[in-house]
Amino acid sequence: MINLDERYHDYLSGQKTLRIDGSQEKLTGYGYHCDGNDITGYYVTTKTHRLLYNLQEQFIKMEPIRQVAKV
């Protein structure tokens, strides 16, 4: 199993950032995702994107996160 705490702790504390489409993004969270029976991979979340990876650490897809407008 991939140790996400070991891999991404420095990103959560603000010491490192991810470069996505040319801009620096702070990490806001990470975790595992499953298909209902087994863990199939993990995700990394920033303010604007969610990046999905499989258990072989291969990038699967990037999903935009919609922000709620403050009125």
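For the structure, check the block above.
Keep in mind it's a predicted model, so treat the numbers as computed, not measured.

(A) Structural context of the packing of aromatic side chains. A complete count under the given rule lists 5 aromatic pairs for this structure. A ring pair is formed by Tyr8 and Tyr42, whose centres lie 6.2 Å apart and whose planes are at 50 degrees; its orientation type is tilted. Highlighted residues: Tyr8 in helix α1 (residues 4-12) and Tyr42 in strand β4 (residues 39-46), separated in sequence by 34 residues. An angle of 15 degrees between the planes, with centres 5.1 Å apart, marks the rings of Tyr42 and Tyr53 as stacked. Here Tyr42 is found in strand β4, whereas its partner Tyr53 is found in strand β5 (residues 49-54), with 11 residues between them in sequence. Residue classification places Tyr42 among the buried positions, given a relative accessible area of 2%. Among the aromatic residues, ring-to-ring pairing joins Tyr8, Tyr11, Tyr30, Tyr42, Tyr53 and Phe59 into one connected group.

(B) Fine view of a nonpolar patch on the surface. On the surface, Met1, Tyr32, Ile39 and Leu55 cluster together into a nonpolar patch covering about 390 Å² of accessible area. With respect to the helices and strands, the residue Met1 is situated in the segment before α1. In this structure Met1 comes out as exposed when scored by relative accessible area, which is 72%.

Parameters at a glance
- Residues numbered from 1 in each chain as written.
- Predicted model: local features only at pLDDT ≥ 70, side-chain atom pairs only at ≥ 80, totals over all residues.
- Heavy atoms only, no water.
- Phe/Tyr/Trp six-rings, centres within 6.5 Å; stacked < 30°, edge-to-face > 60°.
- Helix = DSSP H or I, 4+ residues; strand = E, 2+ residues; numbered from the N terminus.
- Buried < 20%, exposed > 50% of the residue type's maximum accessible area, 1.4 Å probe, protein only.
- Patch = residues over 30% accessible without salt bridge, like charges linked within 9 Å, V, L, I, M, F, W, Y side chains within 5 Å.
- Areas by Shrake-Rupley, 256 points an atom, 1.4 Å probe, with all protein chains shown as cover.
- Salt bridge = Lys/Arg side-chain N within 4 Å of Asp/Glu carboxyl O.

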